[in-house]
Each structure stands twice: as structure tokens, then as C-alpha cells.
Amino acid sequence: MVIVAVTLTIWQRMAWHHNRISLPEYICQRLGYPVSSAVTSANQILHDTGLSVFRARSLAAENRRLRQELDKLRNDNLRLAEYFRENKAFRDKLGFELDMPVEGIPTWIIARTSDRQRCRVTIQVPENREISEGDIVREAGLVGRVVDVQGRVAQVLLIVDAQHGLGARNQRSGDVGIVKPVAQWATGWPDRLRMEKLRRHADVRIGDVITTSGEDGIYPAAIPVGVVEGVSTSPIHAQTVVATIRPFVDFDGLEYVWVVPLL
Amino acid sequence: MFWAYLTEFVLAVVLVGWQYAWPTWLRWGEQPPDLAVVLLVTVGLTRGPLDGCWSGLLTGLMVSTLGRIPLGGLFVSHMGAGTALGLLGRRIFPNRVLVAMAVTATAVVAMNVLELAFLPPPHLGPWVTGTVGQAILSGLMAAPLFAVLRALFNYLPHPGE
């Protein structure tokens, strides 16, 4: 058994070195993911049933409020569709091409890493939908990117991964930099981001919205990343600004995400 | 022996798959219960060191695959724990649920300490909180799982038969 263990370890190292997974890992994934998927479904049903039993009254009130909100949003949507049609007509007359919104694929998270660093989640794609490596994953903001696809199941590298970095832009001032995760001592998990490599005397203020810059060749531009909640000077160079960013995405409560194909 | 090994393989797949899909609102210190260790404790205490080592190999492989963690340290901790628990099973009361709960909680702490050498955490404070939380949750989960798994293993031929 020790020989088998050593062989598997070497096999894994060689496969990872070539950015692949070994055959035993592939088999284990094919067996393990359906279990995780089934457990997640069962958890969801139990959670929903529990909620409906213990919070029936508040759920009814919430349902009424959401219906009213839905009516309002439907009206807003109709108005926006009208604006869109008018805008398109104007652009057609002026000869401008229109950027069509890219349709995302709704997916749900079936497993997440629980060891030391929550850097990846496993998602399951609906039937008859395909995703590929490098696709962008979004929710309220940027979540990460697909790094490994096995049929309908894929692994997503989160932007709070310790080794992750992305090109970012301050939406208000246009200053660009690199966004990296930063661990909070209180939790130990990288639930905040830090924007570095900003130009000297960069104009960054608390409340500024940070988006992707598109200059890293990985993420397209203008995807919301987070909001600046602190600005300080670099400990290395006093004129260099470093911004702390709170991501738009709550990585703890993440259940469903959108996968946007990389064009 | 074939059916016993196959059963342990299926159990490793199911329990580790369950562990990784454990709901976030039921975690303690961000950690789910270590169901792989629950399996190791049950197999080790009821079936001996060889089966414990085999279960360690399987659970190590599953945890590595689903958690994207390098295999080396996991094999050392899981196979070592499985074998040690198998040897321990001959010296304590292996049929008592309370013993299984205590052994599971202790094994979780011991294995996390052992894995420190292979994968040091970025901060010690959260690691301690997570390890303690995981040990308590695992101990609690060991009670029903140990009873069910022990009953299941009673249907399988015992090692040496």
C-alpha cells in the first residue's frame, strides 16, 4: 500500500506539473462530484423545508414584498427595453455598432475547498450547456474563472485565492493597478482585496468602485470587482498608494454563480 | 476481503463527497466535520490495521482530489492514522460509541497537527479555531455514523476469516 501511495503521489505531481490531473484523480472526481451534487440538493431541500416551517409568517410577508418589487422591476424592465430600442435606433442611424450583452450560464456550487485557504469552488452546469476553461464566473461582481472542466462539473479559481492577481481600474479616476487578496487576521481567510502598483499620487478614494481593467489578458474590462474601503500609503514607498477593497461578492454565502463564456 | 475493500472504497467516496458539500451554515470555524476521519476510526477500530491503512489510502486520495491538495502529507496522516487506530482497536473498547467519539476528536487534532508540517496555515489563530471546531463536529458526527457503519461491517467477513 505504501508503494501504491508513493506511486500515486508521484503520478499526481507529474500531472500537476503539466497542468493536468492524473487518471486516479479523474476517476475520483467522476465518482465524488455526483455525491457532492446530491448532498447539496438534499441540503437545499432540508434548508428550504426548515425555513418554511420555522419562518412561515415572515416568509409570507417577504413573499408579498418581493411580489411588489417584482411588479416594479417589470415596469422598470419595460421602460429599459423602450430606452434600449430608442438607443439602438439612434445608433443605427449614426452607424454605431451595438455591444450586445453576453448571456451567462446559471450554475450552482456543489463543493468548496475547506482546507486552509478557500480558493476554489466546484460548480455544476445545467444539462445541454457547455463551459470551457478560462470562462469568467460572476455573481454580484467578479467571482473568478473556470480552471478545470470535467463534463458538467468545473472548478473555479476564486479571486480571493492567495496566488490570484488581476488587472484593475478605478472606475472614477481611471487609475489602474493590480488587485491581490489579503488575509484578515480575524478570519485567516483572504476575504479582502488589495489594489497595488498604482501610479504615484493615484487618485483613489473610499467608496470608489474598482472594475477589471482588461489589461491582464485574463478578464475582460469593466467587470465590477469591489469597492474601496481604505486607502493607505505603501510601507515601501510613501508616495505609492495602496487601496483595500471589499469585494462585491460574499464568498461565504455563495450558492449560485453565472458563467460567462470568454469571447 | 474483496467485498470489504469495495465497501470501504464506496464509503470513502460517499463520506468525503458529503464532507466537501457540507453546508456553510453548519460549519464550525469555517470547517466541516472530518467525515474521512470518522470512517478511518470506524474501520480501524472494528476491522484492524490493514483495513485502516487501506481506508487511509482511499480517503487521502479522495480528500486530495476534491480539495485539490497535494497527496504526500495526506497519505502520511491518513494511512498512519488508519494503521494506528487499527492497532489501538485491540487495546481499547472498540465497540463503544463514546470511545469512537473521543478517538475521532483526538484523531482530527493529531492529523491536523501532523499536516502542519506539509501545509502550514497562513495564520495560527484561525487554524486553532478551525481545528477545535472540526474536532468537536467530527466527534458529534461520529456517534451516529459509527453506529451505522459498525452495523454495516458486521455483515462483512472479518479480516482473517
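Higher on the page you've got the structure.
About the criteria used
Residues numbered from 1 in each chain as written. Chains lettered and ligands numbered in written order. Predicted model: local features only at pLDDT ≥ 70, side-chain atom pairs only at ≥ 80, totals over all residues. Heavy atoms only, no water. Patch = residues over 30% accessible without salt bridge, like charges linked within 9 Å, V, L, I, M, F, W, Y side chains within 5 Å. Areas by Shrake-Rupley, 256 points an atom, 1.4 Å probe, with all protein chains shown as cover. Salt bridge = Lys/Arg side-chain N within 4 Å of Asp/Glu carboxyl O. Helix = DSSP H or I, 4+ residues; strand = E, 2+ residues; numbered from the N terminus. Expected span 1.5 Å × (residues − 1). Buried < 20%, exposed > 50% of the residue type's maximum accessible area, 1.4 Å probe, protein only. Axes fitted to C-alpha atoms, helices over the stretch in contact; angles between N-to-C directions. Parallel < 35°, antiparallel > 145°, perpendicular 65-115°, else oblique. Left-handed = near helix turned anticlockwise from the far one by under 90°. Contact = heavy atoms within 4.5 Å. Core = buried A, V, L, I, M, F, W, Y, C linked by side-chain atoms within 4.5 Å. Domains from an automatic or database assignment. Pairing = 2+ DSSP bridges. Buried area = accessible area lost by both parts, 1.4 Å probe. Polar contact = N/O pair within 3.5 Å; in protein donor to acceptor, adjacent residues only side chain to side chain.

Asks: Is there a simple way to think about a nonpolar patch on the surface in this case?
Replies: On the surface, B:Trp28, B:Leu124, B:Val128, B:Val132, B:Ile136 and B:Leu140 cluster together to form a nonpolar patch covering roughly 550 Å² of accessible area. On the secondary structure map, B:Ile136 appears in helix 6 (residues 124-154).

Asks: Help me out: how do you make sense of helix 3 (residues 49-67) of chain B in this one?
Replies: All names here are of chain B. The end-to-end C-alpha distance of helix 3 is 26 Å, a good match for the 27 Å that 19 residues give at a rise of 1.5 Å each. The element helix 3 is extensively covered by neighbouring structure, given that 18 of its 19 residues are classed as buried. Following helix 3 by one or two positions, Arg68 adopts a phi angle in the positive range, close to 55°.

Asks: Got a minute to help me understand the packing of helix 2 (residues 35-47) of chain B against helix 5 (residues 97-116) of chain B in this structure?
Replies: Helix packing for two helices is described by the angle between their axes and how far apart those axes are. Residue and element names in this part refer to chain B. Axis separation between helix 2 and helix 5 bottoms out at 9 Å; the angle between their running directions is 125°. It follows from the interaxial angle that helix 2 and helix 5 lie oblique. As helix 2 runs across helix 5, the sense of the crossing is right-handed. Contacts from Val37, Val38, Leu40, Val41 and Leu45 in helix 2 reach Ala100, Val103, Thr104, Ala107, Val108 and Met111 in helix 5.

Asks: Is there a simple way to think about the nonpolar core in this case?
Replies: The tendency in soluble globular proteins is for nonpolar side chains to be buried side by side. Counting 42 residues, the largest nonpolar core has B:Val16, B:Tyr20, B:Leu39, B:Leu57, B:Val63 and B:Phe75 as the members making the most contacts within it. Residue assignment for this core shows that the elements contributing at least two residues are helix 1 (2-17), helix 2 (23-54) and strand 1 (105-112) of chain A together with helix 1 (2-20), helix 2, helix 3, helix 4 (71-88) and helix 6 of chain B. Residue contributions to this core peak at eight residues, all from helix 3 of chain B. Split by domain, this core shows at least three residues from each of two domains, domain 1 (1-51) and domain 3 (104-263) of chain A. Excluding residues that lie within four positions of it along the chain, B:Leu57 makes contacts with A:Met1, A:Val4, A:Ala5, A:Leu8, B:Phe75 and B:Met79. Membership of the second largest hydrophobic core comes to 38 residues, among which are A:Ile159, A:Val160, A:Val179 and A:Val228.

Asks: Whenever I open this one, the sheet that holds strand 6 (residues 166-170) of chain A confuses me. Can you help?
Replies: Backbone-to-backbone hydrogen bonds join strands into a sheet, with any given pair of strands oriented parallel or antiparallel. Residue and element names in this part refer to chain A. An order of 6-7-8-11-10-9 is seen for the six strands of this closed barrel, with the pairing classed as antiparallel. Recorded for the sheet is a direction-independent mean angle of 45° between the axes of neighbouring strands. In this sheet, strand 10 (residues 224-233) lies alongside strand 9 (residues 209-212) in antiparallel orientation, the contact comprising three bridges. Within strand 10, the position partnered with Ile210 by the bridge is Gly226.

Asks: Even after reading the chapter, I still don't get the interface of chain A and chain B, so can you show me in this structure?
Replies: For interface size, the figure often reported is the accessible area lost on association. If you look at the interface, chain A gives 39 residues, while chain B gives 41 residues. With both sides pooled, the region where chain A packs onto chain B buries about 3,500 Å², and carbon together with sulfur makes up 66% of that total. Where chain A packs against chain B, one counts zero salt bridges. Joining chain A to chain B, the criterion identifies four residue pairs in polar contact (both at pLDDT 80 or more). Going through the elements one at a time, helix 1, helix 2 and strand 1 of chain A are the ones with two or more residues in the side of chain A that touches chain B.

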